[in-house]
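# Fold and geometry: a report
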Amino acid sequence: MVRAKVAWNSKALLENDMVNYQVTEQEQQEQQFDERVIEIARVAKVVKGGRRFQFRVTIVIGDNHGKVGMGVGKANAVPEAMRKAQERARKNMHLVHLSGTTIPHEMTGRVSGAVILLKPASLGTGVIAAGGVRAVLEAAGVRDILTKSLGSANVLNVVQATFQALDGMKSPQEEAARRGKSVEELLPFWERRKRNG
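Owing to the predicted nature of the structure, the values given are computational and were not obtained by experimental measurement. (Residues numbered from 1 in each chain as written. Predicted model: local features only at pLDDT ≥ 70, side-chain atom pairs only at ≥ 80, totals over all residues. Heavy atoms only, no water.)

Next up on the list: the pairing of strand β1 (residues 34-47). For β1 and strand β2 (residues 50-62), the ladder comprises 13 bridges, and the chain directions are antiparallel. Residue Arg42 lies in a different strand from β2, and its bridge partner there is Phe55. (Pairing = 2+ DSSP bridges. Helix = DSSP H or I, 4+ residues; strand = E, 2+ residues; numbered from the N terminus.)

Before going further, it helps to examine the sheet that holds strand β3 (residues 67-75). Ordered in space as β1-β2-β3-β4, the 4 strands form an open sheet in which the pairing is antiparallel. In the strand order of this sheet, the two ends are held by β1 and β4 (93-95), each with one partner. Adjacent strand axes in the sheet meet at a mean angle of 20° when their direction is disregarded. Inspection of the sheet shows β3 paired to β4 by 3 bridges, in the antiparallel sense. What sits directly across from Lys67, in β4, is Leu95. Contacts from helix α2 (residues 78-91) reach β1, β2, β3 and β4 within the one sheet, and its direction differs from that of β3 by about 145°. Contacts between helix α4 (residues 155-167) and the sheet are confined to β1, β2, β3 and β4, with β3 contributing the most and set at about 155° to the helix. (Axes fitted to C-alpha atoms, helices over the stretch in contact; angles between N-to-C directions. Contact = heavy atoms within 4.5 Å.)

So, about the side chain of Asp34. Tracing the sequence through the fold places Asp34 in strand β1. Exposure remark for Asp34: the relative accessible area of 18% places this residue in the buried category. A polar side-chain atom of Asp34 sits 3.0 Å from a polar atom in the side chain of Arg36. Beyond its immediate chain neighbours, meaning those up to four positions away, Asp34 contacts Val60, Ile61, Gly62, Asn64, Glu138 and Ala139. (Buried < 20%, exposed > 50% of the residue type's maximum accessible area, 1.4 Å probe, protein only. Polar contact = N/O pair within 3.5 Å; in protein donor to acceptor, adjacent residues only side chain to side chain.)

Tracing the chain through its elements places Ala140 in helix α3 (residues 131-140). Owing to a relative accessible area of 0%, Ala140 belongs among the buried residues under this scheme. Between the C-alpha atom of Ala140 and that of Asp63, which follows or precedes it by 77 residues, the distance is 6.5 Å. When sequence neighbours within four positions are dropped, the list of residues in contact with Ala140 reads Asn64, His65, Gly66, Lys67, Val68, Val96 and Leu98.

The next point concerns the sheet that holds strand β6 (residues 114-120). Taken together, the 4 strands give an open sheet; going across it, the order is β5-β6-β8-β7, and neighbouring strands pair in mixed fashion. Both edges of this open sheet fall to β5 (107-111) and β7 (127-128), since each of them pairs with a single strand only. Relative to strand β8 (residues 145-149), β6 runs antiparallel, the two being bridged by 5 bridges. Its bridge partner lying in β8, Pro120 is registered against Ile145.

A word on the pairing of β3. Where β2 meets β3, 8 bridges bridge the pair, whose relative direction is antiparallel. Within the sheet, the bridge partner assigned to Ile59 lies in β3 and is Gly71.

This paragraph deals with the pattern of salt bridges. Oppositely charged side chains can pair when the atoms bearing their charge come close. Overall, the coordinates contain 9 salt bridges when judged by the stated rule. A salt bridge links Arg134 to Glu138, with the shortest nitrogen-to-oxygen separation between them at 2.9 Å. Taken as a pair, Arg134 and Glu138 lie in helix α3 at a separation of 4 residues, close to a single helical turn. Exposure remark for Arg134: the relative accessible area of 32% places this residue in the partly exposed category. Using a relative accessible area of 17% as the deciding quantity, one classes Glu138 as buried. Within this structure, Asp34, Arg36, Arg134 and Glu138 form a network of salt bridges that share partners. (Salt bridge = Lys/Arg side-chain N within 4 Å of Asp/Glu carboxyl O.)

This is the structure in structure tokens:
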């Protein structure tokens, strides 16, 4: 009788340890992500009795190795809005094709009035971008890039245009196969110059 009770207790302890282990593993995965708050805005909804104010939080989450996501959360308090935004960003992860520390080719993204131009840059250039564009690119793992905002400065639209441009990126291998060329021929000129001497 006593042995059965001990066995049951050890099983219960083991299950508790497994639950604790799973929580810590999940926390470790969350810690691996680079999380950036882009905007906290107070927004109003006009109703019969006046205005209802809420907070809208925009967050970008990335692993610095080609995965990045954006989430927007709205709530009566900022912490709750941030939690919602984090959840949505984790569910909405995009895969970004990288070419070393930069992007494989030039790309333009358009959302409403926002137009974002992304250009690959040589090693050591850094991220030449500001605001939401910089947050998205750094979270995605891009280290060298040139950018230009050519339209509206609306933060949400600019970030979404950046995501659209990154989604339109093609891997050098895919593009080389489509064009019937070697991958070396599609590399940026500074990479070709290094290889040719």
